[in-house]
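# Coordinate analysis (summary)
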Amino acid sequence: MKYVDEFRDPEVIRGVVREIARTVDPQRRYRIMEVCGGHTHSIYRHGLRDVLPENVELIHGPGCPVCVLPTGRVDDGLTIAGRDDTILTCFGDMMRVPGTKGTPLELKARGADIRMVYSPLDALRLAQENPGKHVCFFSIGFETTAPSTALTILRAHALGLRNFSVFCNHVTIVPAMRAILDSPDMRIDGFVGPGHVSSITGCRPYEFIARDYLKPVVVSGFEPLDILEGILMILRQLNAGESKVENQYKRIVPWEGNVPALKAMAQVFELRPYFEWRGLGFISQSALSIRAAFAAYDAERVFDTPGVRVTDPRGAQCGEVLKGVLKPAQCKLFGTECNPEHPIGALMVSSEGACAAHYRYAMHAVEA
Amino acid sequence: MCLAIPGQIVDMATGQPLLARVNVGSVLRNVNIGLLDAGEVAPGDWILIHVGFALSKIDEQQAHDQLHMLRAMGEDELAIEEVRGYSFAEPSE
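The rules behind the values
Residues numbered from 1 in each chain as written. Chains lettered and ligands numbered in written order. Predicted model: local features only at pLDDT ≥ 70, side-chain atom pairs only at ≥ 80, totals over all residues. Heavy atoms only, no water. Helix = DSSP H or I, 4+ residues; strand = E, 2+ residues; numbered from the N terminus. Rg over C-alpha atoms; globule rule 2.2 N^0.38 Å. Buried < 20%, exposed > 50% of the residue type's maximum accessible area, 1.4 Å probe, protein only. Contact = heavy atoms within 4.5 Å. Areas by Shrake-Rupley, 256 points an atom, 1.4 Å probe, with all protein chains shown as cover. Salt bridge = Lys/Arg side-chain N within 4 Å of Asp/Glu carboxyl O. Pairing = 2+ DSSP bridges. Axes fitted to C-alpha atoms, helices over the stretch in contact; angles between N-to-C directions. 1 Å grid on protein atoms, 1.4 Å probe; cavity = no way out; pocket = protein on both sides within 12 Å on 5 of 7 lines; lining within 4 Å. Points joined across faces, edges and corners; volume = space filled by probe spheres on them. Nonpolar A, V, L, I, M, F, W, Y, C, P; charged D, E, K, R; others polar. pLDDT = per-residue confidence, 0-100. Buried area = accessible area lost by both parts, 1.4 Å probe. Polar contact = N/O pair within 3.5 Å; in protein donor to acceptor, adjacent residues only side chain to side chain.

## Re the overall build of chain A
- Secondary structure assignment for chain A yields 15 helices and 13 strands.
- For a compact globule of 368 residues, the expected C-alpha radius of gyration is about 21 Å, and chain A comes in at 21 Å, within 12% of that figure.
- If one aligns the C-alpha atoms of chain A with their principal axes, the spans along those axes are about 65 × 45 × 40 Å.
- Counting across all 368 residues of chain A, residues that qualify as buried make up 61%.
- Contacts spanning at least 24 positions in sequence make up 76% of the contacts within chain A whose residues lie at least 6 apart.
- When the accessible surface of chain A is totalled, it reaches about 14,400 Å², and 51% of it is carbon and sulfur.

As structure tokens, this is what we get:
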């Protein structure tokens, strides 16, 4: 309980932890996947694994956008940055993701015009301020971020900008969950559903998981109390032999989602037939591309991106970790060749990646 | 990536569609409100912000809870840095 004391309502948290301990069946093993990287970060940061019974195992899911982006897509984005008349923009998370020829940050040091932005609208403004250059935004993210990109493209269209495009890498969470459920080497009993993604999508998209796969899904917030409550709700369903979608994060997530955001996404994006995910391979209808009506803003149509498939770096076992088959520390490169200062795999880059979180918190706890 | 930052709307940015001026930890920046229903928010309301866009309207207690959560995650400074970084007020046309 060392970490739990720091939080609001520590007594309430202790109560939930006790209730979890009372609820688990000692004869049974529970494997629960937290889908979202924000949850993974919170679980490590707050030492939540230490307060759960030994037979409740948390599997870290694919909900970290830079972690699931395959190296080939990073390379494609960096090809755009190699042009003299182009400014490539991306979020800070992307700057340290390794491509075959280095990270965006390293390419910037070698002279490419790559700039970090905090919002796609910052990239739009750069385009307005630099009419002699083409500004491309390297977009990543799940449904939390995709609507913002959609509105930015709509704004560029309304302004009639001709020197702005988006290299679209938005992915959708539900097909990845389906791929995990269909994968023969994965046994998941229930899901802690993502918080902010669900504030956009609502809870309906998860209903097939409860109905067809008979697995509970509980959409949860990010505070320790939220996550523990979500886990307790899953355990109760499992013990009762139930599978339904429940919403622990009602204060932020409406059951029907954010309708204006979903409309903006539907207007600008369409589903790709398939898209490669690092570690999970090709998943059908799991990513978004820009509709033909907005082709002028689609970097994949404006530029010639090679689209080469690149295998993961030799020795790195990102795929197995991403699927929960291996724990981060079981990867051959973990903590030695691959560390937060010199990440080899993307799971070590983002604070939401399982490896970075494990390195930062779990290793530190062992040393302390 | 899924960082969402609470802020309070000060006023609607004049002459710029869908932009509101928002106070986040004493930093004033423009935030796009196009992902909310038209007329859903007004000055004084609290919102959750992600990459420069308001994701949802929240109440004051939820705003404090969210800020507390960011602090507990060690991401409150990162959040303010993000908001400081927004620079997308469009040049006057």
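## What about the environment of P120 of chain A?
All names here are of chain A.
- Among the structural elements, P120 can be located in helix α6 (residues 120-129).
- Judged by relative accessible area, which is 1%, P120 ranks as buried.
- Distance in space between the C-alpha atoms of P120 and C90 is 8.2 Å, their sequence separation being 30 residues.

## Quick notes on the pattern of salt bridges
All names here are of chain A.
- Taken as a whole, this structure holds 23 salt bridges over all chains when the rule is applied.
- Close ionic contact of D226 with R251 constitutes a salt bridge, the shortest N to O distance being 2.8 Å. Taken as a pair, D226 in helix α11 (residues 224-239) and R251 in the loop between β9 (245-247) and α12 (259-268) lie far apart in primary sequence, 25 residues in all.
- In this structure R251 comes out as partly exposed when scored by relative accessible area, which is 32%.
- Each of R29, R31, E54, E57 and K327 takes part in salt bridges that share partners, so that together they form one network.

## Looking at the pairing of strand β5 (residues 53-58) of chain B
Residues and elements named next belong to chain B.
- Of all six residues making up β5, five are buried, and the element is well covered by its neighbours.
- Relative to β5, strand β4 (residues 46-50) runs antiparallel, the two sharing five bridges. Each residue of the ladder has a partner; that of W46, found in β5, is I58.
- The loop that links β4 with its antiparallel partner β5 comprises two residues; one of these, V51, has a positive phi angle of about 40°.

## A closer look at the sheet that holds β9 of chain A
Residue and element names in this part refer to chain A.
- On the basis of which strands lie adjacent, the open sheet formed by five strands has the order β2-β1-β7-β8-β9 and parallel pairing. Whereas interior strands pair on both sides, the edge strands pair on one side only; in this sheet they are β2 (56-63) and β9. Averaged over all neighbouring strand pairs, the angle between strand axes comes to 20°, with direction disregarded.
- Of the pairings in the sheet, the one linking strand β7 (residues 190-193) to strand β8 (residues 217-219) comprises three bridges and is parallel in character. Residue V192 lies in a different strand from β8, and its bridge partner there is V218.

## Digging into empty space enclosed by the protein
All names here are of chain A.
- Applying the stated criterion across every chain yields a total of seven cavities of 30 Å³ or more.
- Size it by volume and the second largest cavity reaches roughly 90 Å³.
- Looking at the second largest cavity, the residues that line it are A316, Q317, C318, V321, C331, L333, F334, C338, G345, L347, M348 and C355.
- For the lining of the second largest cavity, the class distribution of residues is 10 nonpolar, two polar and no charged.

## A few points about the confidence of the model for chain A
- When the pLDDT values of chain A are averaged, the result is 92; 96% of them are 70 or greater.
- Overall, residues 1-5 of chain A carries pLDDT values under 50, and its contacts beyond four positions in sequence, including any with other chains, amount to 12 contacts.

## Looking at the interface of chain B and chain A
- Contact with chain B, which involves 37 residues of that partner, is made by 41 residues of chain A.
- Carbon and sulfur atoms supply 61% of the area that chain B and chain A bury against each other, a total of about 3,400 Å² over both sides.
- Counting across the interface, chain B meets chain A through zero salt bridges.
- Our count for the chain B to chain A interface comes out at 12 residue pairs in polar contact (both at pLDDT 80 or more).
- Breaking the side of chain B that touches chain A down by element, the ones donating at least two residues are β4, β5, α1 (60-72) and α2 (76-85) of chain B.
- Looking at which element gives the most residues to the side of chain B that touches chain A, the answer is α1 of chain B, with seven residues.
- Of the residues assigned to the side of chain B that touches chain A, the class counts are 18 nonpolar, 11 polar and eight charged.

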